[in-house]
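A closer look at the structure
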Amino acid sequence: MLTSDSRAATFHPATLDLLAELGIADALIADGTLVDRLQWRTRRGRVLAEMHMNLLAGRTAHPYRLHAEQNALIALLAAELACCPRAQLRVATAVDAVTDTGSRVKVRTGAGWEVADYVVAADGAHSTVRSVLGLPFAATPYPTRAVRIFTDSPLADLLPGLAPLTYVRDPAGSCSLLQMPDHWRIIVRLPPGADANPHSDEVAALARRAVPVRGQQVAITAADTYRLARGVLESFRYGRVLFIGDAAHVTSTAGGLNMNAGIAEAVALGGVLAAVLGDAAPVAALDGWADRSRRILLEAVIPRSEARVDGVQDGDQVRLRAAVARLRATAADPATARAFLAKASLLDILSQPTPSRSRS
């Protein structure tokens, strides 16, 4: 069966534009939560800064973010593949050997050996394909881990004026609040040295600090923790094997940039690979795709993702205050805020369809 694990949930305007080209954006949007503004506030509820996504109108067909389950996108893509007679979708299929012969690629699964022109490895941060090929992948841990708390409490009612995406930035404790269609997520970064797997009482305490509402308890329905690390594969192409998404790179996850970059890589690779297989482009075009994709990770995704948690990532309160001051100055000027939102959404580096395709 397709995965139902809760994972990345933020889809940026540039990504929605790309999904619209594939004909699946509207269905994903219909099941998601539109994020019309980003907000930064203190734990006591004072709004520090706010930026409205409609500042991006004219630059994208989708001037908003979308919070939706990653598995919802997977289901939509699976349905599209089912309409392609030459496509085969196999899930939970283990790969235990990959051999690049130079002219083809041989892949061994439980069903035996299969042969393909190219293999695209999109098998996650613990990529089996990467491992069986013996490719080094050095991931440097960040000093913090993250706790993701799920709640069905109506946070927007408990915290008046709360935006669908709110960053709490406070010396007493920072976190992120994300509104999903049927619940909220509270993302708390644990300080260095904290218990990597907090027990239920500690999780409840984190939720109370994140949402300090007198006389109200945040109803926790689930929680998990995950490690944060940074790593990028030396190349996204090794002969006839190509790597995308978490198999090629991991980041701090802040801002959802890693997943959105992975989707953009997949869409771009699909076009390049089709051109190569159809003799409309030279094989070297795959190198161009791999180099550009890796450069975007190193020059945009990682630095921008890390900047989003400046002072939070390492608990440096001086840097946190400086970061908040910069955000307030940015939000106060529409042109600067527009540029900030474009960069935060990778809209400045990913190709876009024309705004005339916007959703009515």
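A short tour of the structure in this document, coming up. (Residues numbered from 1 in each chain as written. Predicted model: local features only at pLDDT ≥ 70, side-chain atom pairs only at ≥ 80, totals over all residues. Heavy atoms only, no water.)

In this section: the overall build of the protein chain. Assigned secondary structure in the protein chain consists of 10 helices and 17 strands. The C-alpha atoms of the protein chain give a radius of gyration of 21 Å, which matches the 21 Å a tight globule of 360 residues would have. Dimensions of the protein chain, computed from the C-alpha atoms along their principal axes, are close to 65 × 45 × 35 Å. Per-residue burial over the protein chain gives 45% buried out of 360 residues. Within the protein chain, contacts between residues separated by at least 24 positions form 73% of all contacts whose residues are at least 6 apart in sequence. Summed over its atoms, the accessible surface of the protein chain is roughly 17000 Å², and 52% of this surface lies on carbon and sulfur atoms. Taking the average place of the 39 positive charges on the side chains of the protein chain and the average place of its 35 negative ones, the gap between the two points comes to 5 Å. (Helix = DSSP H or I, 4+ residues; strand = E, 2+ residues; numbered from the N terminus. Rg over C-alpha atoms; globule rule 2.2 N^0.38 Å. Buried < 20%, exposed > 50% of the residue type's maximum accessible area, 1.4 Å probe, protein only. Contact = heavy atoms within 4.5 Å. Areas by Shrake-Rupley, 256 points an atom, 1.4 Å probe, with all protein chains shown as cover. Lys, Arg positive; Asp, Glu negative; His and termini not counted. Charge placed at Lys NZ, Arg CZ, Asp CG, Glu CD.)

With that settled, the discussion passes to the pairing of strand 10 (residues 140-151). Relative to strand 14 (residues 220-232), strand 10 runs antiparallel, the two being bridged by nine bridges. Along strand 14, the bridge assignment pairs Thr140 with Arg230. (Pairing = 2+ DSSP bridges.)

Attention now moves to the sheet that holds strand 5 (residues 65-67). In space, the three strands of this open sheet follow the order 1-5-2, with antiparallel pairing throughout. Two strands bound the open sheet, and with one partner strand each, they are strand 1 (10-11) and strand 2 (33-35). Sheet topology places strand 1 next to strand 5; two bridges connect them, and they run antiparallel. Looking at the pairing, Phe11 lines up with Leu66 of strand 5.

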